[in-house]
Amino acid sequence: MLTTPTTRSVIRSMRVRSISVEGSASRLGCPDGDPTADVIVPAVPDLAAARRFANAVRSVSSVTITVSDHGTRCDVHGRSGRLPFVRHVPLRVGLGLAQLGVPTTITGQVA
């Protein structure tokens, strides 16, 4: 279940600036530092899995986390060999890549 401090907020496209783990969830920090715009997702970063994923592909350019009333989806954009790719990965792997420094964006609508 996805929660935010506000009742209902629409996220157009926000760059994730910080990730803090709170029990079995992670708080994704917004760029302007306003804690009411932070988004809490139901996963914690998995750095080991993120490193394995990054080593298996040629390069990882960005992570996109899409949130909605129906759940959370995480896609990784990058290159494998000569071809660009977009791959769906578990949220914990996407959060791990974000903690490793990969530019991460969060989009969607949160209830």
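Since we're looking at a predicted model, the values are computed, not measured.

Basis of the calculations
Residues numbered from 1 in each chain as written. Predicted model: local features only at pLDDT ≥ 70, side-chain atom pairs only at ≥ 80, totals over all residues. Heavy atoms only, no water. Helix = DSSP H or I, 4+ residues; strand = E, 2+ residues; numbered from the N terminus. Areas by Shrake-Rupley, 256 points an atom, 1.4 Å probe, with all protein chains shown as cover. pLDDT = per-residue confidence, 0-100. Contact = heavy atoms within 4.5 Å. Salt bridge = Lys/Arg side-chain N within 4 Å of Asp/Glu carboxyl O. Buried < 20%, exposed > 50% of the residue type's maximum accessible area, 1.4 Å probe, protein only. Pairing = 2+ DSSP bridges. Axes fitted to C-alpha atoms, helices over the stretch in contact; angles between N-to-C directions. Phe/Tyr/Trp six-rings, centres within 6.5 Å; stacked < 30°, edge-to-face > 60°. Lys NZ or Arg CZ within 6 Å of the ring centre and 35° of its normal.

## Some thoughts on the overall build of the protein chain
Scanning the protein chain for helices and strands turns up 2 helices and 8 strands. For the protein chain, the N- to C-terminal ordering of α and β elements is β-β-β-β-α-β-β-β-α-β. Summed over its atoms, the accessible surface of the protein chain is roughly 6200 Å², and 52% of this surface lies on carbon and sulfur atoms.

## Remarks on the confidence of the model for the protein chain
Here the protein chain shows a mean pLDDT of 84. Residues at 70 or above account for 81%. The spread of mean pLDDT over the elements of the protein chain runs between strand 1 (residues 9-15), the lowest at 70, and helix 2 (residues 91-99), the highest at 96. pLDDT under 50 marks residues 1-8. Its contacts with residues more than four places away, or in other chains, come to 26 contacts.

## Some words on the pattern of salt bridges
Scanning the model with the defined rule gives 4 salt bridges in all. For D38, the salt bridge goes to R27, with nearest N and O atoms at 3.8 Å. With D38 in the loop between strand 3 (25-29) and strand 4 (39-41) and R27 in strand 3, the pair connects residues that are 11 residues apart, well separated along the chain. The residue D75 makes a salt bridge to R73 at a minimum N-O spacing of 3.2 Å. Three or more residues are tied together by salt bridges with common partners; here these are E22, R27 and D38.

## Things to note about the environment of C74
You can see C74 is positioned in strand 6 (residues 71-80). By relative accessible area, which is 2% here, C74 ends up buried. It is 7.1 Å that separates the C-alpha atoms of C74 and V63, two residues lying 11 residues apart in sequence. Not counting the four nearest positions on each side in its chain, C74 is found in contact with V63, T64, I65, R87, H88, V89, P90, L91 and G94.

## Describing the pairing of strand 5 (residues 59-68)
Here 9 bridges tie strand 5 to strand 6, and the two strands are oriented antiparallel to one another. Its bridge partner lying in strand 6, V60 is registered against G78. Linking strand 5 to strand 6, which pair antiparallel, is a turn of 2 residues.

## As for the sheet that holds strand 4
With respect to topology, 3 strands assemble into an open sheet ordered 2-3-4, the strand pairing being antiparallel. Each edge of the sheet is formed by a strand with only one pairing partner; in this case those strands are strand 2 (18-22) and strand 4. Sheet twist, expressed as the mean angle between neighbouring strand axes with direction ignored, is 25°. With 3 bridges joining them, strand 3 and strand 4 adopt antiparallel strand pairing. Bridging from a neighbouring strand, S26 pairs with V41 of strand 4.

## Regarding the packing of aromatic side chains
On inspection of all chains with the given rule, the structure shows 0 aromatic pairs. The ring of F85 is capped by R87, whose NZ or CZ atom sits 4.3 Å from the centre of that ring.

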